[in-house]
Amino acid sequence: MTGKPIISIKGLEKLYILGEVEVRALRGVSVDIEEGSYVAIMGPSGSGKSTMLNVLGCLDRPTAGQYFLGDENVATMGDDELSDIRGRRLGFIFQSYNLIHQLTVVENIYVPLFYQGKDLKDYERHCERLANLVGLGERLDHRPKQLSGGQQQRVAIARSLVNDPLMILADEPTGNLDSKTGTEVLNLMDKLNEAGKTIVLVTHGPEVAERAHRVLHMKDGVIDREVINRKFEPRKQANSDWLSAIEESLGLKTP
Amino acid sequence: MIAYRAIRIVQLGIKSLLLHKMRSALTMLGIIFGVCSVIAMLAIGEGASYEAQETIKKLGSNNIIIRSIKPPEDTSSGSSGGRRSYVSEHGITYKDAGRIQGTIPGVGSVLPMRIIRENVIFDQNNIPVQVIGTHPNYPEMTGAAIMRGRFLSSTDEGRQANVCVITVSLAERLFPYQDPIEEEVRLGADYYQVVGLLQEQGTEKQRAQSGNMEGQPLDSNIYIPLSTARSRFGEVVINRSAGSFNAEKVELHQLTVQFHNPESVEAAVPQIESLFQRFHKRKDYEFIVPLQLLRQAEQTKRIFNIVLGSIAAISLIVGGIGIMNIMLATVTERTREIGVRRALGAKKKDIITQFLVETVVLSFGGGLIGVMAGVIIPLLVSHFTDMKAIITWWSVILAFSISGLIGVVFGIYPASSAANLDPIDALRHE
Ligand SMILES: Nc1ncnc2c1ncn2[C@@H]1O[C@H](COP(=O)(O)OP(=O)(O)O)[C@@H](O)[C@H]1O
Ligand SMILES: [Mg+2]
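Residues numbered from 1 in each chain as written. Chains lettered and ligands numbered in written order. Predicted model: local features only at pLDDT ≥ 70, side-chain atom pairs only at ≥ 80, totals over all residues. Heavy atoms only, no water.

J.: Lay out the side chain of A:Gln151 with the relevant residues and their values.
T.: All names here are of chain A. Secondary-structure assignment places Gln151 in helix α5 (residues 149-161). Taking relative accessible area as the criterion, Gln151 reaches 15% and is therefore assigned buried. Residue contacts for Gln151: discarding those within four places in its chain leaves Leu136 and Arg139. (Helix = DSSP H or I, 4+ residues; strand = E, 2+ residues; numbered from the N terminus. Buried < 20%, exposed > 50% of the residue type's maximum accessible area, 1.4 Å probe, protein only. Contact = heavy atoms within 4.5 Å.)

Okay, structure coming up:
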């Protein structure tokens, strides 16, 4: 089970039609991503990184090509199925945090579960544990406005973990942060990956990309070249209790 | 589970609305005014028509009332005639009464009345009153109540007896210190023995409001047998007004015809009309048909309700448009939030539900406050004024459910435009 590709893409194309003009944002991308690996996507502006990430994140459907997420064929799914798969199997971290400002920290973390029909009262402990994991255990009832950018991004990380996703997608997660907080956030993401979470991250910073196993360089809608930073060693077996593992590695007591 | 979820969604909606308290409050205002005006206006309208109907019902819906009036020609010649004195002869006759009793089907009983203005004298007291010559069936036909003693009997009528019944309020003024029963009072040239006290139909409150009419209380009445009235006062009644004599010969001033049922009333109206047209050259009579008045009052009320309802409906719709407007602005403002929710697994229908719940909370909240205001205002109105207000349960339910409906109707468009946003575009929205 471990080590097999969690994402399998073949000949992925994405065409935007703007009146007369056709923009070929993706023109035949093929890539496999293994479970537990850490992949960075780099490339010049307009090369199709965000489009690629949107398709991977099931926010957008490809114009042509195949996309398997786990064993599910995403390319043919309808709108509701896509919503469902996002809610169940994916975690998102955005450049601008994107917390919902009328909700508290715990409620923000809980949002993906809400759309899967799960009660907050059954998952409140779980959400609090995640808040604690990202260092916000003391601020459970705070609103996003009362938090700094780095803190908000950490809430977003906790939120991306709440549904125990197959893969976390991050589009320039440190783009709005100063380098110190950015490093903290990236360290946290390293821990997630060490505990077995698959991460795909878009970045402009080479020092950010260095943390990944693989770096995919995109250009004009295709993967131009691929750089292996360090060899990815698939786990012998799936880490079922990744949360405890991260807590342990961070030196946190399991609350 | 589902209930929990519903509560959670409503909580979320309230939370989002509370984020902009001022805006939400102003948005609700339209609905508040709309609902409040529906209930208040209908209550006041209902109250007004209730009072009108009660007044008419008191006349008796099985009755036709015929009154003698001075024909138009007499009025004009009287005013131009200077000091000339003459006798105006008009009005309902004894024969009319006989013909009605004899020829119109469905007639139960007929109550004739002769009304003469005179002063009643007892001891030092001299009080202007209406002397009403009538038949023994007066109390049962008008709903008047005998408080003490008895009413006039047919024996009194047959013997042209000098007996009288007086109203309670007259008794209080005429006999402040003694028991009126069996006392003799003077009317014109003759003495009459008081045999009973009578209370006209109607509440104490109404009597207090009706006040004085030409310096005499409305129910300072003395009832004497009709036969007595004819023989003692004659057929010609002389009114002394401002130095000139004005005499009129009227046999009966009023005739109340009671039928067995309302259907007979309707059939009888044209028959009585043609009867009177045949025997009266001039129109010296008028008909009052309480049943028809009641119908008219109901019709008027219906139109009144429709007009009020439309005005209120318009204000509710305006309130709804206000809500829609704000919700559209909210959707634009929260585009990013919508994108985030979609990314985190919300389906289109979840987004629709979320925004629809917000509008419905707004409109139901407004409806609730509007109902409270709409119930309180009529109560205040009827407390501080003479106007009667009746809050009907259906107007409350109607107004409240319309407010909810408006939330749904005017919420659908903003909600579906929110749901149909492309998640990626929504996420990218600044
Ligand atoms: N919604 C869209 N409609 C039309 N063209 C788009 C849209 N999104 C992206 N594009 C185009 O697709 C290309 C790739 O864009 P994007 O994936 O955002 O690049 P990157 O994230 O690498 O900067 C660009 O030329 C961009 O203009
Ligand atoms: Mg981009």
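J.: Pulling in residues and values, what's your account of the site of ligand 1?
T.: Surveying the vicinity of ligand 1 reveals 13 residues, the closest of which are A:Gly46, A:Gly48, A:Lys49, A:Ser50 and A:Thr51. One chain alone does not account for the residues near ligand 1; they come from chains A and B. Backbone polar atom of A:Ser47 to an oxygen atom of ligand 1: 3.3 Å apart, as the coordinates give it. Side-chain polar atom of B:Arg428 to a nitrogen atom of ligand 1: 3.5 Å apart, as the coordinates give it. When the free accessible area of ligand 1 is taken as 550 Å², the share hidden by the protein chains comes to 71%. Elements represented by at least two residues in the shell around ligand 1 include exactly β1 (5-18), β2 (21-34) and α1 (49-56) of chain A. In terms of residue count, the dominant contributor to the shell around ligand 1 is α1(A) (3 residues). Residue composition of the shell around ligand 1, grouped by class: 5 nonpolar, 6 polar and 2 charged. (Near = heavy atom within 4 Å. Polar contact = N/O pair within 3.5 Å; in protein donor to acceptor, adjacent residues only side chain to side chain. Areas by Shrake-Rupley, 256 points an atom, 1.4 Å probe, with all protein chains shown as cover. Nonpolar A, V, L, I, M, F, W, Y, C, P; charged D, E, K, R; others polar.)

J.: So what about the packing of helix α4 (residues 120-133) of chain A against helix α8 (residues 242-249) of chain A? Which residues, and what values?
T.: All names here are of chain A. Closest axis-to-axis distance for the α4/α8 pair is 11 Å, and the angle between their directions is 30 degrees. One way to sum up the angle between α4 and α8 is to call them roughly parallel. Of the two elements, α4 crosses α8, and the hand of that crossing is left-handed. Along its contact with α4, which presents His126, Arg129, Leu130 and Leu133, the element α8 presents Trp242, Leu243, Ser244, Ile246 and Glu247. Of the residues contributing to the contact of α4 with α8, the split by class is 5 nonpolar, 2 polar and 2 charged. (Axes fitted to C-alpha atoms, helices over the stretch in contact; angles between N-to-C directions. Parallel < 35°, antiparallel > 145°, perpendicular 65-115°, else oblique. Left-handed = near helix turned anticlockwise from the far one by under 90°.)

J.: Report on the pattern of salt bridges, specifying residues and quantitative values.
T.: One pass over the structure, following the stated rule, counts 26 salt bridges over all chains. Here A:Lys14 makes a salt bridge to A:Asp60, at a shortest N to O gap of 3.1 Å. Of the two residues, A:Lys14 sits in strand β1 while A:Asp60 sits in the loop between α1 and β4 (64-69), which places them 46 residues apart along the sequence. A single burial state applies to A:Lys14 and to A:Asp60, both of which are buried. The closest approach of N and O atoms between B:Glu266 and B:Arg295, which form a salt bridge, is 2.7 Å. A residue pair is termed long-range when its members are at least 10 positions apart, and B:Glu266 in helix α10 (residues 262-279) and B:Arg295 in helix α11 (residues 290-333) qualify at 29 residues. By relative accessible area, which is 42% here, B:Arg295 ends up partly exposed. Put simply, A:Glu72, A:Asp84, A:Arg88, A:Arg89 and B:Lys347 are held in one network by salt bridges that share partners. (Salt bridge = Lys/Arg side-chain N within 4 Å of Asp/Glu carboxyl O.)

J.: Could you give me a rundown of empty space enclosed by the protein, with the residues and numbers involved?
T.: Applying the stated criterion across every chain, the model contains 4 cavities of 30 Å³ or more. As a volume, the largest cavity reaches approximately 100 Å³. The wall of the largest cavity is formed by 13 residues, among which B:Ser16, B:Leu17, B:His20, B:Arg23 and B:Thr330 lie closest to the centre. Only α1 (2-18), α2 (21-59), α11 and α13 (348-384) of chain B provide two or more residues apiece to the lining of the largest cavity. Tallied by class, the residues present in the lining of the largest cavity amount to 5 nonpolar, 5 polar and 3 charged. Lining the second largest cavity are A:Leu103, A:Glu107, A:Tyr110, A:Val111, A:Phe114, B:Arg8, B:Leu12 and B:Arg341. Only α3 (105-114) of chain A together with α1 of chain B provide two or more residues apiece to the lining of the second largest cavity. For the lining of the second largest cavity, the element with the highest residue contribution is α3(A), accounting for 4 residues. (1 Å grid on protein atoms, 1.4 Å probe; cavity = no way out; pocket = protein on both sides within 12 Å on 5 of 7 lines; lining within 4 Å. Points joined across faces, edges and corners; volume = space filled by probe spheres on them.)

J.: Before we move on, could you go through α2(B) and cite the residues and values that matter?
T.: All names here are of chain B. Helix length check: α2 (39 residues) gives 56 Å between terminal C-alpha atoms against 57 Å at 1.5 Å per residue, within 8%. Within α2, the axis deviates most sharply at Leu29, by approximately 30 degrees. Looking one or two residues past α2, Gly60 carries a phi angle of roughly 95 degrees, positive in sign. (Expected span 1.5 Å × (residues − 1). Bend = angle between axes of the 7 residues up to and from the residue.)

J.: Let's hear about the packing of aromatic side chains: which residues, and what values?
T.: Residue and element names in this part refer to chain B. Taken as a whole, this structure holds 11 aromatic pairs over all chains when the rule is applied. A centroid spacing of 5.0 Å and a plane angle of 45 degrees characterise the contact between Tyr138 and Tyr223, whose relative ring orientation is tilted. Residue Tyr138 is found in helix α5 (residues 138-142), and its partner Tyr223 is found in strand β11 (residues 221-225); the two are separated by 85 residues along the sequence. Looking at Tyr138, the relative accessible area reads 4%, which means it is buried. Each ring, one from Phe364 and one from Phe400, has its centre 4.9 Å from the other, and the planes form 45 degrees; the classification is tilted. In this pair, Phe364 sits in helix α13 while Phe400 sits in helix α14 (residues 393-419), placing the two residues 36 residues apart along the sequence. (Phe/Tyr/Trp six-rings, centres within 6.5 Å; stacked < 30°, edge-to-face > 60°.)

J.: A description of unusual backbone geometry should follow, citing residues and the corresponding values.
T.: What is expected of a backbone is that most residues other than glycine have negative phi and most peptide bonds are trans. All names here are of chain A. Positive phi values are uncommon outside glycine, yet Tyr97 reaches one of about 60 degrees. Following the sequence through the fold, Tyr97 ends up in the loop between β6 (90-93) and α3. Tyr97 sits in the buried class, given a relative accessible area of 11%.

J.: Which residues make up the nonpolar core, and what values do they have?
T.: When a protein is soluble and globular, its nonpolar side chains tend to lie buried together. In this structure, A:Tyr67 and A:Leu69 are the most contacted members of the largest nonpolar core, which totals 116 residues. Ignoring any residue separated from it by four or fewer positions in sequence, one finds A:Leu69 in contact with A:Ile6, A:Ile7, A:Cys58, A:Val74, A:Ile85, A:Arg89, A:Leu90, A:Leu166 and A:Met167. (Core = buried A, V, L, I, M, F, W, Y, C linked by side-chain atoms within 4.5 Å.)

J.: Lay out the environment of A:Asn108 in plain terms, naming residues and giving numbers.
T.: All names here are of chain A. Secondary-structure assignment places Asn108 in helix α3. Here the alpha-carbon distance between Asn108 and Glu226, two residues 118 residues apart in the chain, equals 36 Å. Excluding residues within four positions of it along the chain, Asn108 makes contact with Leu99, Ile100, Leu103, Pro144, Val155 and Arg159. Within the structure, the side chain of Asn108 is placed 2.8 Å from the backbone nitrogen of Ile100, a separation counted as a polar contact.

J.: Talk me through the pairing of β11(B); I want residue IDs and the actual numbers.
T.: Residue and element names in this part refer to chain B. Of all 5 residues making up β11, 5 are buried, and the element is well covered by its neighbours. Pairing of strand β4 (residues 125-134) with β11, which is carried by 5 bridges, proceeds in the parallel orientation. Paired with Gln130 across the two strands is Asn221, which belongs to β11. In this sheet, β11 lies alongside strand β6 (residues 163-167) in antiparallel orientation, the contact comprising 2 bridges. Across the sheet, the residue bridging to Val165 is Tyr223, located in β11. (Pairing = 2+ DSSP bridges.)

Bear in mind that shape data such as this cannot, by itself, settle questions of function.
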